[in-house]
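# Close look at the chain arrangement
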Amino acid sequence: VTTQSRSSGTIDVSAIRTRFPSLRNGAAHFDGPGGTQTPDLVARAVYDTLTMPLANRGTITPAERNAEDVVVQARVALGDLLGADPAGIVFGRSMTQLTMDLARTLAKQWGPGDEVIVTRLDHDANVRTWVLAAQTVGARVRFADFDPDTGELDPAQIGRLLSPATRLVAVTAASNLIGTIPDLPTISEMVHAVGARVYVDGVHYTAHAPIDVVASRADFFACSPYKFLGPHCGAVYGRPELLEQLAPDKLLPSTHEVPERFELGTLPYELMAGTTAAIDFLADLVPGTSGFRAGRRERLIASMTALEGHEDRLRARIETELRQFPGVTIYSRAARRTPTLLVTFAGHDSQQIRRFLGERGVNAPAGSFYAYEPSHRLGLGDAGGLRIGLAPYNDDSDVDRLIKTLDEYFDA
Ligand SMILES: Cc1ncc(COP(=O)(O)O)c(C=O)c1O
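Residues numbered from 1 in each chain as written. Predicted model: local features only at pLDDT ≥ 70, side-chain atom pairs only at ≥ 80, totals over all residues. Heavy atoms only, no water.

## Observations regarding the overall build of the protein chain
Broken down by element type, the protein chain carries 14 helices and 15 strands. Computed over the C-alpha atoms, the radius of gyration of the protein chain is 21 Å, within 12% of the 22 Å expected from 2.2 N^0.38 for a compact globule of 412 residues. Projecting the C-alpha coordinates of the protein chain onto the three principal axes gives extents of approximately 65 × 55 × 35 Å. Put simply, 68% of the contacts in the protein chain that link residues at least 6 apart link residues at least 24 apart. Roughly 16600 Å² of accessible area belongs to the protein chain as shown, and the carbon and sulfur atoms make up 52% of that amount. A distance of 1 Å separates the average location of the 41 positive side-chain charges in the protein chain from that of its 50 negative side-chain charges. (Helix = DSSP H or I, 4+ residues; strand = E, 2+ residues; numbered from the N terminus. Rg over C-alpha atoms; globule rule 2.2 N^0.38 Å. Contact = heavy atoms within 4.5 Å. Areas by Shrake-Rupley, 256 points an atom, 1.4 Å probe, with all protein chains shown as cover. Lys, Arg positive; Asp, Glu negative; His and termini not counted. Charge placed at Lys NZ, Arg CZ, Asp CG, Glu CD.)

What follows is the structure, encoded as structure tokens:
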């Protein structure tokens, strides 16, 4: 299966699929938004790191230098993926943990009279983290709403809440429930005009399209490598000059340097090496023309643009086919969105459909996926719906199986 991208370059999905050992069990994976399958190269990077001489970071022994190289390379790789300065890349256990820590750190500079804005479109990791931090210092939290009919988050909904009291706006780069991609540059510009900061949850978005953190004007941008073919860890970019101004809780002997100041304890070297390998893999989704190899940032932009085209085509096909089913509602409607569809079928329990599909090798989970606010705003409560998400290894045969198995469910 070869897909023509909107710009130049194609991704060869058949070739990509051969790199995923887990696909050999034959399942069609529509569960990428919860965590993608892992290419062999990423697993090998983790293995190689754990089996080479390895010590704490340093400059004297090969073991120390190996650890140092892994860290430097992972920061540079994430910098390439996000279009960001590697000096602002902080690694941690997960986006949730990093955001909880940063929220607590930023809140040290707030007090009564200060305000934080969160949105009803966001995953709870970018809502409750800020609510808890604000509560601790007596700051006020305000909620920006999205339109449940269109799925759009109008920047004006944030604009009407902004004031000189605003300290921070936490907003998603894309909804993990319905895929909506808000207009970040416009939102950031409005937020900066009142002197506040923008914290972007890029976890869902990063897996699907090219990113330019500088153009998005985000002050912070969080992501999780396990959503883009990498291992289970988290990373957040913060503008280095901003990070310099912050005082996270830390141990006495640990360094005051940025970004290490924010990285509590010993770093997960093997997961960082796996992250670098995942970014290299993404950069090569569009194979280079023979004889010329562009820099990794350029290759990432070409590959992620091609991936966006591929996933968008499959998403459009799934949507068209889903509309033939009785009582179907597709909640994903925004003009700009990732290939992540939230679906319900009137009179049918999403968990029951999910089980039917899962038992037949079609992995599409049901729930609200920690998108607590959006699921409730859509009237779906904690139950949510069936989520059908795409990843680089999905192809038309996966879609054929999804539709065929849904046919079987409704014929039964
Ligand atoms: C949009 C979004 N934000 C945040 C998270 C939390 O990420 P992590 O598991 O790294 O804490 C997720 C995970 O599902 C997500 O989809």
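## Considering the pattern of salt bridges
Throughout the structure, instances matching the rule amount to 35 salt bridges. R128 serves as the salt-bridge partner of E373, at 2.8 Å between the closest nitrogen and oxygen. Taken together, the positions of E373 in helix α13 (residues 372–377) and R128 in helix α5 (residues 128–137) put the pair 245 residues apart, joining distant regions of the chain. On the basis of relative accessible area, E373 is assigned to the buried category, the value being 9%. (Salt bridge = Lys/Arg side-chain N within 4 Å of Asp/Glu carboxyl O. Buried < 20%, exposed > 50% of the residue type's maximum accessible area, 1.4 Å probe, protein only.)

## Points about the sheet that holds strand β5 (residues 115–119)
Taken in spatial order, the seven strands of this open sheet run β4-β10-β9-β8-β7-β5-β6, and their pairing is mixed. Taken across any chain shown, the strands that pair with only one partner, and hence form the sheet edges, are β4 (89–92) and β6 (140–144). Strand-to-strand twist across the sheet, computed as the mean angle between neighbouring axes with direction ignored, equals 20°. With five bridges connecting them, β5 and β6 associate as parallel partners. Residue pairing in the sheet places T119 in a bridge with A144 of β6. Of the strands in this sheet, β5, β6, β7 (166–172) and β8 (197–201) are in contact with α5, which crosses β6 at around 155°. Set on the sheet, helix α7 (residues 184–193) makes contact with β7 and β8; between it and β8 the angle comes to about 150°. (Pairing = 2+ DSSP bridges. Axes fitted to C-alpha atoms, helices over the stretch in contact; angles between N-to-C directions.)

## Description of the nonpolar core
One recurring pattern in soluble globular proteins is that nonpolar side chains are buried together. Ranked by size, the top nonpolar core spans 71 residues in total, and within it L78 and L82 carry the most contacts. Take this core: its biggest share by element is eight residues, from helix α3 (residues 62–82). When near neighbours in sequence (up to four residues on either side) are disregarded, L78 contacts I89, F91, C223, F228, A235, T275 and I279. With 29 residues, the next largest nonpolar core counts A139, L168, Y199 and V236 among its residues. (Core = buried A, V, L, I, M, F, W, Y, C linked by side-chain atoms within 4.5 Å.)

## Here we look at the packing of aromatic side chains
All chains considered together, the criterion is met by ten aromatic pairs. Considering the side-chain rings of W130 and Y199, the 4.9 Å spacing of their centres and the 65° angle between planes classify their relative orientation as edge-to-face. Of the two residues, W130 sits in helix α5 while Y199 sits in strand β8, which places them 69 residues apart along the sequence. With respect to class, W130 is no different from Y199; both count as buried. Each ring, one from Y409 and one from F410, has its centre 5.1 Å from the other, and the planes form 85°; the classification is edge-to-face. The pair formed by Y409 and F410 is uniform in burial state, with each residue classed as buried. When the ring centre of F143 is taken as origin, the NZ or CZ atom of R120, which lies over that ring, is 4.1 Å away. Above the ring of F356, the side-chain terminus of R360 is found at 3.5 Å from the ring centroid. (Phe/Tyr/Trp six-rings, centres within 6.5 Å; stacked < 30°, edge-to-face > 60°. Lys NZ or Arg CZ within 6 Å of the ring centre and 35° of its normal.)

## Structural notes on the confidence of the model for the protein chain
The predicted model of the protein chain has a mean per-residue pLDDT of 96, with 97% of residues at 70 or higher. Model confidence for the protein chain, summarised as mean pLDDT per element, is weakest for strand β1 (residues 2–4) at 43 and strongest for β5 at 99. Here residues 1–7 is a poorly scored stretch, pLDDT under 50, and it has 22 contacts once near neighbours within four places are set aside; other chains count. (pLDDT = per-residue confidence, 0-100.)

## Structural notes on the side chain of S188
Turning to its location among the elements, S188 is positioned in helix α7. Within the structure, S188 has its side chain in polar contact with the backbone oxygen of S216 (distance 2.9 Å). With sequence-adjacent residues up to four places away left out, S188 is seen in contact with V198, S216, R217 and A218. (Polar contact = N/O pair within 3.5 Å; in protein donor to acceptor, adjacent residues only side chain to side chain.)

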